[in-house]
Every structure is written in C-alpha cells, then in structure tokens.
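Report on the structure
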Amino acid sequence: MKKYPIPQLDLPLLLAVLMLMLLSSMTVWSASGFSETVITKHLIRCMIALSCLFVMAAVPPHLYLRFSPHLYLLTVLLLLAVALVGDSTNGSQRWLKLGFIRFQPSELVKIAIPMVIAWLIHISGEALDLRKILYALLLAAIPTFLIFIQPDLDGALFALIYMFFVLYFAGISWKIIGSIAAIVATLIPLMWFFIMEVYQKKRVLQFLNPESDPWGAGYQIIQSLIAIGSGGMRGKGWTNANQGPLGFIPESQTDFIFSTYAEEWGFIGSVFLLALYLFITLRILWISCQSEQLYNRLLCGSLALSFFLYTFINTGMVSGLLPVMGSPLPFFSYGGTAMITQGLTFGIIMALCRSRPHRIKKSG
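Conventions and cut-offs
- Residues numbered from 1 in each chain as written.
- Predicted model: local features only at pLDDT ≥ 70, side-chain atom pairs only at ≥ 80, totals over all residues.
- Heavy atoms only, no water.
- UniProt positions renumbered as here; feature names shortened; annotations may be inferred.
- Helix = DSSP H or I, 4+ residues; strand = E, 2+ residues; numbered from the N terminus.
- Rg over C-alpha atoms; globule rule 2.2 N^0.38 Å.
- Buried < 20%, exposed > 50% of the residue type's maximum accessible area, 1.4 Å probe, protein only.
- Areas by Shrake-Rupley, 256 points an atom, 1.4 Å probe, with all protein chains shown as cover.
- Lys, Arg positive; Asp, Glu negative; His and termini not counted.
- Charge placed at Lys NZ, Arg CZ, Asp CG, Glu CD.
- Expected span 1.5 Å × (residues − 1).
- Contact = heavy atoms within 4.5 Å.
- Core = buried A, V, L, I, M, F, W, Y, C linked by side-chain atoms within 4.5 Å.
- Axes fitted to C-alpha atoms, helices over the stretch in contact; angles between N-to-C directions.
- Parallel < 35°, antiparallel > 145°, perpendicular 65-115°, else oblique.
- Left-handed = near helix turned anticlockwise from the far one by under 90°.
- Nonpolar A, V, L, I, M, F, W, Y, C, P; charged D, E, K, R; others polar.
- Pairing = 2+ DSSP bridges.
- Polar contact = N/O pair within 3.5 Å; in protein donor to acceptor, adjacent residues only side chain to side chain.
- Phe/Tyr/Trp six-rings, centres within 6.5 Å; stacked < 30°, edge-to-face > 60°.
- Salt bridge = Lys/Arg side-chain N within 4 Å of Asp/Glu carboxyl O.

In the nomenclature of an unreviewed UniProt entry, the chain is known as Peptidoglycan glycosyltransferase MrdB of Photobacterium sanguinicancri. Per its UniProt entry, the chain bears the Function (unreviewed entry) comment "Peptidoglycan polymerase that is essential for cell wall elongation." A UniProt comment under Pathway (unreviewed entry) is attached to the chain, and it reads "Cell wall biogenesis; peptidoglycan biosynthesis."

Scanning the chain for helices and strands turns up 12 helices and 3 strands. The C-alpha atoms of the chain give 21 Å as radius of gyration, which agrees with the globular expectation for 364 residues (21 Å, within 12%). Overall, the C-alpha framework of the chain stretches about 60 × 60 × 40 Å when taken along its three principal axes. Burial analysis of the chain (364 residues in total) assigns 49% to the buried set. Summing over all exposed atoms, the chain offers an accessible surface of approximately 18000 Å²; the carbon and sulfur share of this is 69%. The distance from the centre of the 24 positive side-chain charges to the centre of the 16 negative ones in the chain is 13 Å.

With 18 residues, helix 6 (residues 153-170) should reach 26 Å at 1.5 Å per residue; the first-to-last C-alpha distance of 26 Å fits that figure. Taken residue by residue, helix 6 has Leu153, Asp154, Gly155, Ala156, Phe158, Ala159, Tyr162, Met163, Phe165, Val166 and Leu167 as its buried positions. Next to the buried residues of helix 6 lie helix 4 (109-124), helix 5 (130-148), helix 7 (174-195), helix 8 (198-208) and helix 11 (294-318). Gly171 sits one or two residues past helix 6 and shows a positive phi near 100°.

This brings us to the nonpolar core. Grouped together as the largest cluster of nonpolar side chains are 87 residues, with contacts concentrated most on Leu20, Ile117, Leu167, Phe332 and Phe346. The greatest single-element share of this core, amounting to 12 residues, is contributed by helix 11. If sequence neighbours within four positions are ignored, Phe332 has contacts with Leu20, Leu23, Ser24, Thr27, Val28, His42, Ile257, Tyr261, Leu273, Tyr277 and Met339.

Right, let's talk about the packing of helix 2 (residues 36-57) against helix 12 (residues 336-353) for a bit. Running from amino to carboxyl end, helix 2 crosses helix 12 at an angle of 25°, the nearest separation of the two axes being 7 Å. Looking at the two axes, helix 2 sits roughly parallel to helix 12. In this structure, helix 2 meets helix 12 at a crossing whose hand is right-handed. In this structure, helix 2 uses His42, Arg45, Cys46, Ile48, Ala49, Cys52, Leu53, Met56 and Ala57 to contact helix 12, whose residues at the interface are Gly336, Met339, Ile340, Gly343, Leu344, Phe346, Gly347, Ile348, Met350 and Ala351. Of the residues belonging to the contact of helix 2 with helix 12, the class tally is 14 nonpolar, 4 polar and 1 charged.

So, on to the sheet that holds strand 3 (residues 101-103). Pairing is antiparallel in the open sheet, where 3 strands are placed in the order 1-2-3. Every other strand in the sheet has two partners, leaving strand 1 (87-89) and strand 3 as the edge strands with one partner each. Within the sheet, the average angular offset between the axes of one strand and its neighbour, ignoring direction, is 50°. Bridge count between strand 2 (residues 92-98) and strand 3: 3 bridges; the pairing is antiparallel. Bridge pairing in strand 3 links Leu96 to Phe103. Here helix 3 (residues 61-85) sits on the sheet and contacts strand 1, strand 2 and strand 3; the angle it forms with strand 2, its principal contact strand, is near 105°.

Moving on, we come to the side chain of Ser32. The topology assignment puts Ser32 in the loop between helix 1 (11-31) and helix 2. Separated by 3.2 Å, the side chain of Ser32 and the backbone oxygen of Trp29 make a polar contact. Side-chain polar atoms of Ser32 contact the backbone nitrogen of Ser35, separated by 3.3 Å. Once residues within four sequence positions are removed from consideration, Ser32 is found in contact with Val38 and Gln253.

Take the pairing of strand 2 next. Of the pairings in the sheet, the one linking strand 1 to strand 2 comprises 3 bridges and is antiparallel in character. When the sheet's bridge partners are listed, Asp87 is paired in strand 2 with Trp95.

On to the packing of aromatic side chains. Inspection of the entire model under this criterion finds 10 aromatic pairs. Pairing Phe158 with Tyr310 gives two aromatic rings, centres 4.9 Å apart and planes at 35°, and the pair type is tilted. Of this pair, Phe158 sits in helix 6 while Tyr310 sits in helix 11, and the two are 152 residues apart along the sequence. The same class applies to Phe158 and to Tyr310, which are both buried. Judged by centre distance (6.4 Å) and plane angle (15°), the rings of Phe308 and Phe312 are stacked. Here Phe308 pairs with Phe312, and both are found in helix 11, just 4 residues apart, close to one helical turn. By relative accessible area, which is 39% here, Phe308 ends up partly exposed. Aromatic rings pair up to connect Phe258, Tyr261, Trp265 and Phe332 into one cluster.

As a further point, take the pattern of salt bridges. Scanning the entire structure with this criterion turns up 5 salt bridges. A salt bridge links Arg131 to Asp129, with the nearest nitrogen and oxygen atoms 3.9 Å apart. Among the ionic pairs, Lys236 bridges to Glu263, the shortest N-O distance being 2.9 Å. Placement of Lys236 in the loop between helix 9 (219-230) and helix 10 (257-289) and of Glu263 in helix 10 is noted, with a sequence separation of 27 residues between them. Classification of Lys236 by relative accessible area gives partly exposed; the value is 31%. Relative accessible area serves as the criterion here: at 0%, Glu263 is assigned to the buried category. Because the salt bridges share partners, they merge into one network encompassing Asp129, Arg131 and Lys132.

Listed below in structure tokens is the structure:
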C-alpha cells in the first residue's frame, strides 16, 4: 500500500493561524457591508491557503533546499511575463491573467528571495563575506528591478528587505549594516526628486499632515483614525462598526481592515490581535532555532521577520504612525494571492522547523 507524506505541523502555530483566519472572516463580513459574495470568496481563499499549508508541510525539507534556485528562476520568469503581457489596473501592471483568476507574481518574491539567498549561503559552507553579500545583492536586484518597473516602489523596497533579513541571520557585520543605512539616507533626496511618483509623494505628505487635505489625500487615514478612536476600550461589538461598512473608509476589507476590527473590538481586542501576531513571530523564531541546519535557520528566521514587518507596517499605516503603503495584514486582509502565499510560507516553515535536517551533498 502506497504511503503518502504526513504534514509536519506545529500545533500552537497552526492554532494561531486558524484564530487569525476566524477573526479575519468575521471582520471581512462586517467591513464589506455583509456582502455574501465577498465573504464567500474570502472563505474559499482561506481554505485554499490552509490546503497549501498542509501540502507544503508534507514536503521533505531537503527538497526546499534543492529546489530553491528553481523557484527563484520561476519567479523571475513570471515577473518578466508581467512586464511583457501583464494585466494593468489603475496604471500598474502587476498581475498575470490565468483564465478566470488573476495572479500577482511579486507575492512569490516573499518566498523566493529568502530561499535562494539562504541556499547560496548554505552551499558555500563558509562564513559570510563580501563576495557572498555581492552575490546576494545581485540575486535580489533582478526581481527588485522587475517589481520597480511595474511600477511598485513599495514592493521593490520590500524585496531588498527580504534579502537583508537573511543576511542579518547569517551574521552580516554591523559596520556593513551602518554603511548601507548611510547610503540609503543619502539617496533619499534623490529618490524624492527623481524616482518617487506623484502619488507616492502625496502619501508621505499626507502622513506628515493628513489634515492639510481632509477630503483628498488625507481622507482615508483621517477616517481610519476616527474608526480606531471610536472603538474605545471595549469596542462597539461585532457588526456594529460604521466607518468601514458605510463606505467612509475605502478598501475597508483589504489594507485598512484593522480599522474596522479596532472599531468593533476596541483597545482590548486590538491588543489581543497584536499579541497573537507577536506570538506567531516569536514561535517561528523559537522553532527555527531548534533546527541544526543552517538553511532552515536562515530561511525561517527571515520569514518570521518578514511576517512581523508586514504586520507592523499595516497596523502602523492605518493608525497614522507610518505612511500609507500597499501592505496587507497577514492572514487578515481580503485578497487572494497574498492569502495563498502566506499559506505556502507557513507550510514551508512547518516543514523545515519540525523535521530532522537532511544532509545535502554540495555540488562540485
């Protein structure tokens, strides 16, 4: 009788993800104005994401190491396809139309860049040096450029950050980190005048003073702050939010879904949700430390920081602490590609962190 691989699941991590999906579904239902179409699509995407998680958790860990370069190459080819025949929306060409669905290949970069750079460092079997750092920069630069020309400046910056997370866990020198930070700080004026689009500059100005254009660029963040503030300590209760369901907050079930959640559940509910995200991040970091294999530790550690970064940026932007960026709340915002990518990511994490390491023969 043929044996099928059994998913290697971390139960506390899985339960935390299921809790996020439950709270997400409740909030999407409310924020969408009780749209049956929206909640049905969201639930289907949650099921697909969970299916991806279980499938990826059943893959033998050594296969991820072996096929990391292949996934990276596939991602680059998909990004090239976007540049050539991609589907455009609101002036951005970021999607591939595959029959009745649209797929955003830049989401795969969240997995592909950490995987290929962790693979690069692992196969060398040596300490991190300048040569490997330059190779990592080159590998990250190709998809970064392809995302940048979509145009998607936020996504391009995130692609570089994924690379630095891996290098950080690999032991990159703080002198190099400081030098890179100094270079970035020097380039900011050049980015403002020569690279950033008009709408991106408006986001920054809106962040600094949203009241300067309350019915234009600052409208969304002002309404978001009203929603969060009106939730008070205990919130108005589920389905009793006003700002999102009544249309005062555009994209209330996607990037700004936290506003509706905070209005319904208040400060106490918001602290609970943020604590849940922090628990997931710390849990991934803890179980990644249990692995004996360098590739596992680098990949899982970087994915944990990426998960935390998206949570921090999304909650920061909806509460006025950061400029508005296209950053969904993981396992919470309404969206297909992002939700499925998160399922794939957590399946990989569970497979790598909960399995015994496999020895991989070095090429050459």
